[in-house]
Every structure is written in structure tokens, then in C-alpha cells.
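# Structural description and commentary
The chain contents come next:
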Amino acid sequence: MNPAVLIFAHGEEVVPGRETFLNIGNGGIIAFYLLALLATLIFLSGFLFRVRKYSRGRGRPVDWKRFGPALAEISSQRTVAKRDRAVGLAHFFVFWGFMVLTIATAIIAIDEDVLDLLLGRPDLQFWHGAFYQGYSLIVDVFSVGFIGGLVFLGWRRRNPPSKLGYERVDREEGSYDRKGYSIDDRAFLVVLLFIAISGFLLEGFRIAATNFPSFEIWSIAGWTIAQTVSFLGVDGAETARLVFWWAHALSALTFIAFIPYSKAMHMVTDVVDLLVTDQDSARALPDPVGAPSDDLLSLFTWKDLIDHDACTKCGRCHDVCPARATGAPLSPRDLILDLRELADASSGINLWYGPGAEPNTTTGTVAGDYIAAETLWACTTCMACMEVCPVGIEHVPTIVQMRRQLVEVGDVEPGLQTAFQSLTRAGNSFGKSAKQRARWTKGLDQDIKDARSEPVDYLWFVGDHASFDPRAAEVSSSVARLLSHAKVDFGLLYEAERNSGNDVRRAGEEGLFEMLREQNLEALASAQYSQIITTDPHSLNTLRYEYELEGTVIHYTELLDRLVADGSLAVSGLSGIATYHDPCYLGRYQDEYEAPRRLIEATGLGLHEMGRCRENSFCCGAGGGRIWMDDSDLEERPSENRIREAVALGDDVRYFVVACPKDMVMYSDAVKTTGHEDRLQVVDVAQLVEQAMTGVHVG
Ligand code: SF4
Ligand code: SF4
């Protein structure tokens, strides 16, 4: 065996370089290319299967303007690092290591296969000299990071946090099998690690087999390995090189072949998903699907179908979901994986990693027949899953789309059905007559203008709970007094206001939502105003994004914040410590975190944050129509879970501050049911401001 002159001859000059197929022999080279062809064909057939599946989804527009920010997110791996820096850093090294190795392989393919083999132009080859040395250094450095990242992620899979466990909340233990997923997760890491390590060993044996050419010192890792294995001698190193050449080549070809059939597919789908994701799809829900189709998958858009394949099973959504945390039969991760299995099975393939979709994959409905109605009704639409998902999966619109299917067939939760009836009949979920909507104003010292009959600066869209629930109506009175004190010109729609329809739409009743929107838009058209304020973050969302009044509507905390800042409301003098609960529809949905905090601090209270705050706030359990549904079967209500979190902050935290009428209702109940009524006072930020203004200390 000739251990090889690896110095590349370029004309008369001998320059640094290497021969890829050195000593492989003609038979070996032919075998390699045949295997490469086979791997490519297996890859393409799997890839085409996926593309065919996506093409069964409905159309959906693409926002090309998102591509720039998305590329920045992908290259920085920011979404992966969100709330888990160690994983983000490890994934950053794996991502960039893989990119560099892929580019390095492409360079060799262009240099050898295209320029030399296909075009017959060895004079154009460039993989030698200084370029070769720089290439060697970069590849080695990134490969070390690649291996380090893989080892960390592998270690984490062996010592998994609970979110990486595959226990289901909606099935009995033993009634499902998730071993395939675990094998898929591990096989992906192990194969990548093998490719990287065999590549390094191959390099080290090659350098040792060629007697340590000095230019190879640029291959820093390979050089170090070569020194370690120098005891093998030239012949021993060459034999080992040939063994690892084949091991490296075969593992790389196997990996390529299995990309579309394994977790490795997320390398493709996640990039596509992040490029086209639309987080506003939860704020302004997509229109319902048109006429029913025989194709089960026509319920979904092509983006939804890519979503299902993009899930990396990281468990972050599973971890933050308030429904899952409180014993409801919903895990957003499992929902997405179930939909993946359904889509695969209905496309004729049960992939090895999953147990396969169960009955009715070609007939029946997705919602109800395949995904249980209880699972779909458990969602509070809090958007925590979408916010935390590193790959841009849009769970909320998917769930609502399936809820619409349940509503169509009348499979509706009883409490929700009653609310729908009240809303249809009376325009509010309390079933009260429209004339009673402004009854809460009776106790005020002054009349509030009717914006339909006289112009106002601010039209106050009050919302159902802030109008009809006595606890939330007290907050409305506080807001009214504050606005009057600050000489704000404001008015109401009185009996013309209807429920905004935010929860109705998220509960899947599109027809009723359309009716409410039409009635409200008609009432708004009859009024003269400059801006709309609302006390209800849920209405705020729908008025902004689904009535398309963005730029016109603000939350009352934003207005109070301005009034305090410009001195119209002079506040101070409260003492004690408060904690603040970010309402999902104000925080995650509207990105408003600061105004309520500034108001609390302006009153003089200290602020002690809960661990789950701001983007990571924990839902009270009321959204998406859940406030109308029976929650007595939960192990613990989300609002109770939240109150316990606040209580755990310590005895000095006496005030649980809210900025949403539904929160006032939910948490007033939860402090009682958890036995913390004497320990923690639930108070709205407007009530705090009023008390700080009048000097009446809370508590
Ligand atoms: S929106 Fe909230 S409740 Fe619904 S699945 Fe996502 S995290 Fe769970
Ligand atoms: S849906 Fe997103 S957050 Fe949830 S497990 Fe999959 S990748 Fe992770």
C-alpha cells in the first residue's frame, strides 16, 4: 500500500492540498458514487412525499418582509436561546458547525466532481494552497464547536428536564408508545456525532500516514490527533485512514438518505417555518376554511402542515401551557405531534418514529374524531406556546380552526353553549338586557357622556365583565372617577355596545363573532371620537386587529400612565409590596408590559415580580372562552396555581395587582378557594392609582 503523497501538484509547483479518493481504488470510487446516488434517490423520494403532503394544505400568503428579520433570528439562533441560554449556545455551535461542514463538503464536490470530473478542467480547481489551509482551520474550529454542542445536547437527553419527557396528559400510561420518538431524538444526535468524530479521526490518520506535512498544522484538531496516533506508524495510520474514510462516507450518506424520514427534517422545515411564520395570526385569526372538503388535510394551510413536521419536541410549549400544568387533557406539543402523525398516515406513510395515527385517518373529522373535543376546549388561547416555540409554530390558529369544526357539528361544551345563546340574544355573555350595560355608572357623582349624541375625545369601550360583573364594575367606577378628575373628555356607547367577540371567535363561533363585530362597528360609526380606550385587553386585541382599528384603540393603563406622567393625576404615598400579573392579552398579545408597572411604582408601592412574568406570564385560565366553561374537573385552576405562586413570594407581598376585568373575577375567586383571602388582596391598577390619589391606603 502506498501511504500517499497528499501534496497536490499544481503545474510544476507543489502546494498544500489533498486527494479525496487517495488509495480508495477505482472499484471503491465507483461504489462510493453508486451509494451516493442511492442516498440521493432515497432523500428525494422522502422529500417529495413531504412536499406532496404540504401541497394538500390550503393557500396562505407569505410576508416577504419577514425574511430579513427571520434570517437574523436563524443565524443568531435567538429563538432557541430564548429562556434557555445553555441550549441556545449549544444549538448555535451545532447549527454553525453543520453549516460550515455542509459548505466544506459542497466545496469539495464542486472542486472534484464538477470542475475535474464533469467539466474536465483541473486547471480551475481551487481547493489547494492558502485557500486549503484557511479552509482546514475554519472546518476544524467549527467542528470542535459542533461536537461540543452535540455532546451537551446528548447529555441533556440522557438527563432530561421534565419537559423532554414524553408522558401524555390525555392518555393512560401504557396506552401509547413514544419509544420511536426517543430513538429518533437520540439517533439524530448519535449519527451527527459519529460523522463529526469519524471526520476528525480520518483527518488525523491521514496526517500521520503522510508523515506530518508541515502545512497540515492548520488542521489543528487533525494535527493533534495525528500526533496521538503516531505510534501506529505510517502503514498502520494508512490502514486506519481507509477504515475511517469508509466509516465517515457511509455514515454521511446514510444521514443524507434519512433526512426526510427522521428528526433531521427539522433542519429544513424549521428554517422554512421561521421564514414564513406570522405571530399575528393569533391576534387576527385567519378566516375560516370555505366549503368542507373530502380531504382531511384541507382543514390546514401548507404552513400548518410544515408546522407539524417542524416540531423538534423540545417541550417548551408543553412546559408553559397552563392547561397542561393544571391537569387538562391538552399539551400543545402532543397536539402538534398527533397532527403530524395524522397527516403522515393520511398521506399513506406511517413513519418509524411515531406509533402512527389511529382510526379515521381517511374519513371522519380531525376535530372530535381524531383530536378529542376536550383537548381542544381546554385551550385558553394564552399564546404562551407560540411565544416560546423556537421554530415559529402557530398553535392558536390551528386550535381555533379545529374548534370551528366542533362548533359546526354542534359538539360544544355546555357552558359555552349557554354563553353563545346569551350573546346571540342579548349581545353580552351575562344574558342581561342591553339597557343594564351602563348600570354601573349610576353610583357615580357625574353623568358620563353618550358618545352617540355628543362628540368626545375618548370613546370608552367597556366590555362585558367590566360592565356586568360587580367586582369588575367597581374597577370601571374607579377608572371613570380618575378620568373625570383628570378632566378627560370621554363617553360610552351605552346600550349600543356589544361583546367585542374576541372570546367568541376564539371559541370557534365565527358567525356570532361576525354579527357582534357588525353591530359594534355600526355603533362606533354613530359616535364621534378621536380615540377608543378599553378596560378589557381581550376587546383591545379584537378592536385593534380584527376590527382593524389599530392605531385608534388603547388600553386604559396606557392612558392612566400618560395622565400620571403629565401631572393630570398626582399620585404617591402608598406603602407595601405588590406583585403584578401580566394579562396574556395585554402582555403577549399587545406587548404592553411597562405602563401598568410604571403606575404601580408611581403609587409608591414596591414591586416584587413573580418568576413567570412579562412574556412568560402564566394565564389566569379565562381566555378563549374558557371563562364560560366548567373547570371543576381540573386538578387545580390556573388562577389558583398563579395565586400560590404569588403567595410563595413571601409574606411581604400583600397586593396582587391586575389590569384586566376577567383577571379581577378569576383571582378574586382564586384567593378565596386557595384560602389566601386574608393574605393577599386582589386589586386593579386603577384602584391603586385612585387610592394613591385620594390618600386612602389600600389594605
Ligand atoms: S394557547 Fe395557552 S392554553 Fe392554548 S395550547 Fe397554547 S399554551 Fe396551552
Ligand atoms: S411545538 Fe414548538 S415549543 Fe412545542 S415542542 Fe414543538 S418545537 Fe418545541
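## Considerations on the site of ligand 1
- Near ligand 1 you find Cys-321, Pro-322, Leu-330, Pro-332, Cys-379, Thr-380, Thr-381, Cys-382, Met-383, Cys-385, Val-396 and Ile-399, and these make up its full shell.
- Considered class by class, the residues forming the shell around ligand 1 number 10 nonpolar, 2 polar and no charged.

## Overview of the environment of Ser-467
- Within the secondary structure layout, Ser-467 lies in helix α19 (residues 464-468).
- As a C-alpha pair, Ser-467 and Arg-439 span 28 residues in sequence and 7.7 Å in three-dimensional space.
- Apart from residues no more than four positions distant in its own chain, Ser-467 is found in contact with Arg-437, Trp-440, Val-462 and Ala-473.
- From its side chain, Ser-467 meets the backbone oxygen of Gly-463 in a polar contact 2.7 Å long.

## Quick notes on helix α26 (residues 638-647)
- Of all 10 residues in α26, 9 are buried; the element is thus mostly enclosed.
- Those residues of α26 that fall on the buried side of the exposure criterion are Pro-638, Ser-639, Glu-640, Asn-641, Arg-642, Ile-643, Glu-645, Ala-646 and Val-647.
- In this structure, the buried residues of α26 make contact with α12 (322-325), β8 (577-580), β10 (653-658) and α27 (661-673).

## Brief notes about the sheet that holds strand β3 (residues 449-450)
- Sheet architecture is open: 5 strands sit in the order β3-β5-β4-β6-β7, paired in parallel fashion. Edge strands, defined here as strands with exactly one partner in the open sheet, are β3 and β7 (553-555).
- Bridge count for strand β6 (residues 531-534) against β7 is 3 bridges, and the pairing is parallel. Bridging from a neighbouring strand, Ile-532 pairs with Val-553 of β7.
- On top of the sheet, helix α23 (residues 537-546) reaches β4 (458-461), β6 and β7; it is set at about 160° to β7, its chief contact.

## Observations regarding the side chain of Arg-66
- Relative to the elements of secondary structure, Arg-66 occurs in the loop between α1 (25-54) and α2 (67-76).
- According to the relative accessible area criterion, Arg-66 is buried, its value standing at 17%.
- Engagement of the side chain of Arg-66 in a polar contact is seen with the side chain of Glu-73, the distance being 2.9 Å.

## Observations concerning the sheet that holds strand β11 (residues 681-684)
- Taking strand neighbours across the sheet as the criterion, the 4 strands line up as β9-β8-β10-β11 in an open arrangement whose pairing is parallel. The sheet terminates laterally at β9 (606-607) and β11, the two strands that pair on one side only.
- For β10 and β11, the ladder comprises 4 bridges, and the chain directions are parallel. Opposite Tyr-655, over in β11, you have Gln-681 as the bridge partner.

## Here's the deal with the pairing of β6
- Neither face of β6 is open: one carries Gln-531 and Ile-533, the other Ile-532 and Thr-534, and all of them are buried.
- Crossover handedness for the path β6 to α23 to β7: right-handed.

## Looking at the site of ligand 2
- Among the 13 residues in the neighbourhood of ligand 2, the closest are listed as Cys-311, Cys-314, Gly-315, Cys-317 and Cys-389.
- Across the shell around ligand 2, the residue classes tally to 7 nonpolar, 3 polar and 3 charged.

## Some points on a nonpolar patch on the surface
- Where nonpolar side chains cluster on the molecular surface, the patch consists of Ile-110, Val-114, Leu-117, Leu-118, Leu-119, Phe-126 and Phe-131 and spans about 660 Å² of accessible area.
- The element that contributes the greatest number of residues to the nonpolar patch is helix α4 (residues 85-118), accounting for 4 residues.
- Mapping Phe-126 onto the fold places it in the loop between α4 and α5 (129-158).
- Judged by relative accessible area, Phe-126 falls into the partly exposed class, the value being 30%.

Definitions and cut-offs
- Residues numbered from 1 in each chain as written.
- Chains lettered and ligands numbered in written order.
- Predicted model: local features only at pLDDT ≥ 70, side-chain atom pairs only at ≥ 80, totals over all residues.
- Heavy atoms only, no water.
- Near = heavy atom within 4 Å.
- Nonpolar A, V, L, I, M, F, W, Y, C, P; charged D, E, K, R; others polar.
- Helix = DSSP H or I, 4+ residues; strand = E, 2+ residues; numbered from the N terminus.
- Contact = heavy atoms within 4.5 Å.
- Polar contact = N/O pair within 3.5 Å; in protein donor to acceptor, adjacent residues only side chain to side chain.
- Buried < 20%, exposed > 50% of the residue type's maximum accessible area, 1.4 Å probe, protein only.
- Pairing = 2+ DSSP bridges.
- Axes fitted to C-alpha atoms, helices over the stretch in contact; angles between N-to-C directions.
- Right-handed = clockwise from strand over helix to strand, strands pointing away.
- Patch = residues over 30% accessible without salt bridge, like charges linked within 9 Å, V, L, I, M, F, W, Y side chains within 5 Å.
- Areas by Shrake-Rupley, 256 points an atom, 1.4 Å probe, with all protein chains shown as cover.
- Salt bridge = Lys/Arg side-chain N within 4 Å of Asp/Glu carboxyl O.

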